[in-house]
Amino acid sequence: MNFFKKIMNTRTLAVAVVAAVSVTPCVAYNVGTLAGSAPAGYADGTGTAAKFNDPRAMVVDSSGNVYVADKNNNCIRKITPQGVVTTFAGSNAAGYADGTGSAAQFNKPFGLAIDKDSNLYVSDQGNNRIRKITPQGVVTTIVGSGTAGLMNAVGTGAQFNGPCAIALDSNGNLYVADTMNHCIRKISSQGIVTTVAGSGVAGYIDSTGTAAQFNKPVGIVVDNAGIIYVSDAGNNIIRKITQQGVVTTLAGTTVGGCVDGAGITAQFNAPFLITVDNQGILYVADKLNNRIRQITSLYGVVKTFAGSATSGYTDAEATSALFSGPTGVATDNKGTFYVADNDIIRVITPSGYY
């Protein structure tokens, strides 16, 4: 009899565990507008009174301020948590000048990274340089001669060609998606530039170091373990680079499309900028699919996080919302996501559980 009771108690416990797992709540998200409105323009202001022109990368500081690389306005903008937009560095005119605030000049700034001291790092695409901005708005040049090319060297002796995204690891090293050189570059904390992966020729090869090939890599992010993830836009895939420089395909195929699935069963269409959350989950601005896609970094399982096949502008529940060619995505440490959607900065916030 006691044996029978023991079996029944064990079965009851198992059923309870299964039931508990089956009702584990998932987070629901809503899409809203933080700042900006169509058509493109240049205006500081609050919320939709502000204007952007082809914004790209974004980062969030410890106070919740969002910094935006406002590409075609040639400046870096700042958005407070209340949606107040100001120009942090640069002027509306394209150029090249180190200086403070509006005295500095950029030429199509694209990528952004932020360190623990709130210093910003900018891939200045049109100037083929990597710049630094202090919290006081002082802009200096870290590396890059300004001449397009592929040269590993120290500081301004190095050369880049249309660098897009930039990412920072826990040791203070910067990684750059050197887009038109079809490779991934590393900048040490001493300003030494090397090539991590990519041959300099467009192609698609998984291999180690410079034996690997990319085709217009645009987005880049580094996780807490030092693993690099790259949105290889020209190949429509997401690549993974180990600390030893081994390049593999995490998800996607070279044929553009929109399919949720695992690994090479999934499809993207011109994946742009990429970010990673505190749990190591990747999020990609899947530009031509008008979606934000989610990828588990361990198994490469892809699903649609927000947006649908229809291009448009609708704030709604995540998968009912409409985007129009999103190019940038960023997240903060509270689980809020920011999307550069055409000329508008959208925000995706947790709205509850289901």
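Residues numbered from 1 in each chain as written. Predicted model: local features only at pLDDT ≥ 70, side-chain atom pairs only at ≥ 80, totals over all residues. Heavy atoms only, no water.

Visitor: I'm lost on the side chain of arginine 129 in this one. Help?
Guide: Within the fold, arginine 129 resides in strand β10 (residues 129-133). Buried and unpaired, arginine 129 has no salt bridge, with aspartate 124 as the nearest side chain of opposite charge at 6.3 Å. Setting aside residues no more than four positions away along its own chain, arginine 129 makes contact with Tyr96, Val122, Ser123, Asp124, Thr141, Val143, Gly144, Ser145 and Gly146. (Helix = DSSP H or I, 4+ residues; strand = E, 2+ residues; numbered from the N terminus. Buried < 20%, exposed > 50% of the residue type's maximum accessible area, 1.4 Å probe, protein only. Lys, Arg positive; Asp, Glu negative; His and termini not counted. Salt bridge = Lys/Arg side-chain N within 4 Å of Asp/Glu carboxyl O. Contact = heavy atoms within 4.5 Å.)

Visitor: What should I look at first to understand the pattern of salt bridges in this one?
Guide: Where charged atoms from two side chains of opposite charge come close, those side chains can pair. The tally for this structure, following the rule as stated, stands at 13 salt bridges. Members of the salt-bridge network, linked through shared partners, are Asp44, Asp70 and Arg77.

Visitor: Is there a simple way to explain the side chain of threonine 275 in this structure?
Guide: With respect to the secondary-structure elements, threonine 275 resides in strand β21 (residues 271-276). Discounting residues that sit within four places of it in the chain, threonine 275 has contacts with Val221, Ile281, Leu282, Tyr283, Val329, Ala330 and Thr331.

Visitor: Please explain the sheet that holds strand β15 (residues 193-197) as it appears in this structure.
Guide: Where strands meet in a sheet, backbone hydrogen bonds hold them as pairs that are either parallel or antiparallel. Spatially, four strands are ordered β12-β13-β14-β15 in an open sheet, and the strand pairing comes out antiparallel. In the strand order of this sheet, the two ends are held by β12 (163-168) and β15, each with one partner. Averaged over all pairs of adjacent strands, the angle between strand axes in this sheet comes to 30 degrees, irrespective of strand direction. Sheet topology places strand β14 (residues 183-187) next to β15; four bridges connect them, and they run antiparallel. Of the residues in β15, the one forming a bridge with arginine 185 is threonine 195. (Pairing = 2+ DSSP bridges. Axes fitted to C-alpha atoms, helices over the stretch in contact; angles between N-to-C directions.)

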